Amino acid sequence: FLQAHGTALHDAQGQIGALIVLNDVTRLRRLETMRRDFVSNVSHELKTPITAIKGFVETLLDGAMQDPDDAQRFLEIITRQADRLNAIIDDLLTLSRVEQGEEQSGLPLEKEPLLPVLEAALQACALPAAEKNVRLNLFCSPELTARIKAPLLEQAVVNLLTNAIKYSPRDGKVAIEAAQLQGKVTIRVQDWGCGIAKEHLPRLFERFYRVDKARSRKQGGTGLGLAITKHIVQVHGGEVIVHSTPGQGSTFSIHLPLP
Ligand code: ADP
């Protein structure tokens, strides 16, 4: 969509031409729509747990407190919903921090070995993996390096790992592999879980986009994990790509420039 501003140009004899300024306002409109959608999504996501908390508090005040079993159960739900609010806000803060770094495009990246970063990410996911008896396999040469901000990249990998574990069956396995491939450093997180239908793939990295909202919520997801990963990878000058086959599993690949 182009917006035009026209001005006629004159000389002593009359008009000799016109100056037309064309502005591409499509991009601005799109940004504005995205911002509005985001605010409305955030509001909705925050309101859901607040509504639940308020509902259960009111039920307690209305007399449910008299029954110790009910009281216990409702208070547990309230705590879980408060944890959920916390998780959403933590993710939003991470997203905004990363975006700030992106705007300043001056994040100090350092050439560092990847293995310790991947090991730390694995450590961070050890508990949820153990709970589902999911085996985590890591392949990475100790010599492999990349230009990174280690804590941020770790977070990006943790997000991919958490999903891989979440969407894997019990007793499944997840593979993390890093290598130098075709002029890039690639970190691949592969699972053999439920997979993702093709129509969802293009929107997967959008904030709050979820294939199955109810399932994601139940698993403690905020719908922000992949958006955060994408931004972190962008800050590193790289890209993240997904390949998935429903029923067979998914592979998320982070491609970083050579150090
Ligand atoms: P969430 O907090 O819901 O996991 P994400 O942004 O991390 O949000 O992921 C967005 C959606 O992508 C998830 O809700 C899920 O539907 C889908 N998804 C992400 N990773 C996987 C995976 N490894 N296997 C299957 N589906 C996945």
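Residues numbered from 1 in each chain as written. Predicted model: local features only at pLDDT ≥ 70, side-chain atom pairs only at ≥ 80, totals over all residues. Heavy atoms only, no water.

Per an unreviewed UniProt entry, the chain goes by the name histidine kinase and belongs to Geoalkalibacter ferrihydriticus DSM 17813.

### Quick look at the site of the ligand
Looking at the ligand, there are 21 residues lining it, with Asn 163, Asp 191, Ser 216, Thr 222 and Gly 223 nearest. Within the backbone of Gly 223, an N or O atom sits 2.8 Å from an oxygen atom of the ligand. In isolation the ligand exposes 530 Å². Once the protein is present, 97% of that is buried. Given that more than half its atoms are within 2 Å of the pocket grid, the ligand belongs to the largest pocket. Ranked by residues supplied to the shell around the ligand, first place goes to helix α5 (residues 150-166) with three residues. Across the shell around the ligand, the residue classes break down as ten nonpolar, eight polar and three charged. (Near = heavy atom within 4 Å. Polar contact = N/O pair within 3.5 Å; in protein donor to acceptor, adjacent residues only side chain to side chain. Areas by Shrake-Rupley, 256 points an atom, 1.4 Å probe, with all protein chains shown as cover. 1 Å grid on protein atoms, 1.4 Å probe; cavity = no way out; pocket = protein on both sides within 12 Å on 5 of 7 lines; lining within 4 Å. Sits in = over half its atoms within 2 Å of the grid points. Helix = DSSP H or I, 4+ residues; strand = E, 2+ residues; numbered from the N terminus. Nonpolar A, V, L, I, M, F, W, Y, C, P; charged D, E, K, R; others polar.)

### Considerations on the packing of aromatic side chains
Throughout the structure, instances matching the rule amount to three aromatic pairs. Look at Phe 205 and Phe 252: their rings are 6.2 Å apart centre to centre, the planes differ by 75 degrees, and that puts the pair in the edge-to-face class. In this pair, Phe 205 is assigned in the loop between β7 (184-191) and α6 (213-218) and Phe 252 in strand β9 (residues 249-257), connecting sequence segments 47 residues apart. One Lys or Arg, Arg 207, reaches over the ring of Phe 38 and ends 4.2 Å from the middle of that ring. (Phe/Tyr/Trp six-rings, centres within 6.5 Å; stacked < 30°, edge-to-face > 60°. Lys NZ or Arg CZ within 6 Å of the ring centre and 35° of its normal.)

### Examining helix α1 (residues 26-61)
The terminal C-alpha atoms of α1 lie 52 Å apart, and with 36 residues this matches the ideal 52 Å at 1.5 Å per residue to within 8%. Here α1 has its buried residues at Val 42, Glu 45, Pro 49, Ile 53 and Leu 60. Phi for Gly 63, located one or two positions after α1, is positive at around 130 degrees. (Expected span 1.5 Å × (residues − 1). Buried < 20%, exposed > 50% of the residue type's maximum accessible area, 1.4 Å probe, protein only.)

### Brief notes about unusual backbone geometry
At Asp 171, a residue that is not glycine, the phi angle is positive and equals roughly 65 degrees. Within the fold, Asp 171 resides in the loop between α5 and β6 (173-181). Even without being glycine, Phe 208 reaches a positive phi, approximately 70 degrees. Looking at where Phe 208 falls in the secondary structure, it is placed in the loop between β7 and α6. Note on Phe 208: relative accessible area 5%, which makes it buried.

### Some remarks on the environment of Lys 111
Mapped onto the elements of the fold, Lys 111 is located in strand β3 (residues 110-113). Lys 111 sits 49 residues away from Leu 160 along the chain, and the two C-alpha atoms are 22 Å apart. Residues in contact with Lys 111, not counting those within four places in the same chain, are Thr 145, Ala 146, Arg 147 and Pro 259. (Contact = heavy atoms within 4.5 Å.)

### Quick word on α5
A rise of 1.5 Å per residue sets the reference length of α5, with its 17 residues, at 24 Å; its end C-alpha atoms lie 24 Å apart and thus fit the reference within 8%. Taken across its 17 residues, α5 has 13 buried, putting it largely inside the fold.

### Focus: the layout of surface pockets
As a volume, the largest pocket reaches approximately 940 Å³. Along the walls of the largest pocket sit 39 residues, with Thr 162, Asn 163, Lys 166, Tyr 167 and Gly 221 positioned nearest its centre. Elements supplying a minimum of two residues to the lining of the largest pocket: α2 (68-104), α4 (126-131), α5, α6, α7 (225-235) and β9. Here the lining of the largest pocket takes eight residues from α5, the largest share from any one element. Within the lining of the largest pocket, the residues separate by chemical class into 17 nonpolar, 13 polar and nine charged. Its volume calculated, the second largest pocket comes out at about 580 Å³. Going through the elements one at a time, α1 and α7 are the ones with two or more residues in the lining of the second largest pocket. No other element matches the nine residues that α1 contributes to the lining of the second largest pocket. Here the residues of the lining of the second largest pocket sort into eight nonpolar, three polar and nine charged. (Points joined across faces, edges and corners; volume = space filled by probe spheres on them.)

### Digging into the packing of α5 against α7
At their nearest, the axes of α5 and α7 sit 9 Å apart, and the two run at 145 degrees to each other. Read as a crossing pair, α5 and α7 show a hand that is left-handed. Facing α5, whose interface residues are Leu 152, Leu 153, Gln 155, Ala 156, Asn 159, Leu 160 and Asn 163, α7 presents Gly 225, Leu 226, Ile 228, Thr 229 and Ile 232. (Axes fitted to C-alpha atoms, helices over the stretch in contact; angles between N-to-C directions. Left-handed = near helix turned anticlockwise from the far one by under 90°.)

### Some points on the nonpolar core
One finds Leu 114, Leu 161, Ile 187, Leu 204, Ile 254 and Leu 256 to be the most contacted residues of the largest nonpolar core, which totals 53 residues. In terms of residue count, the dominant contributor to this core is α5 (ten residues). Not counting chain neighbours up to four residues away, the residues in contact with Leu 204 comprise Ile 196, Tyr 209, Val 211, Leu 226, Val 242 and Phe 252. Grouped together as the second largest cluster of nonpolar side chains are eight residues, Ile 53, Ala 71, Ile 78 and Leu 85 included. (Core = buried A, V, L, I, M, F, W, Y, C linked by side-chain atoms within 4.5 Å.)

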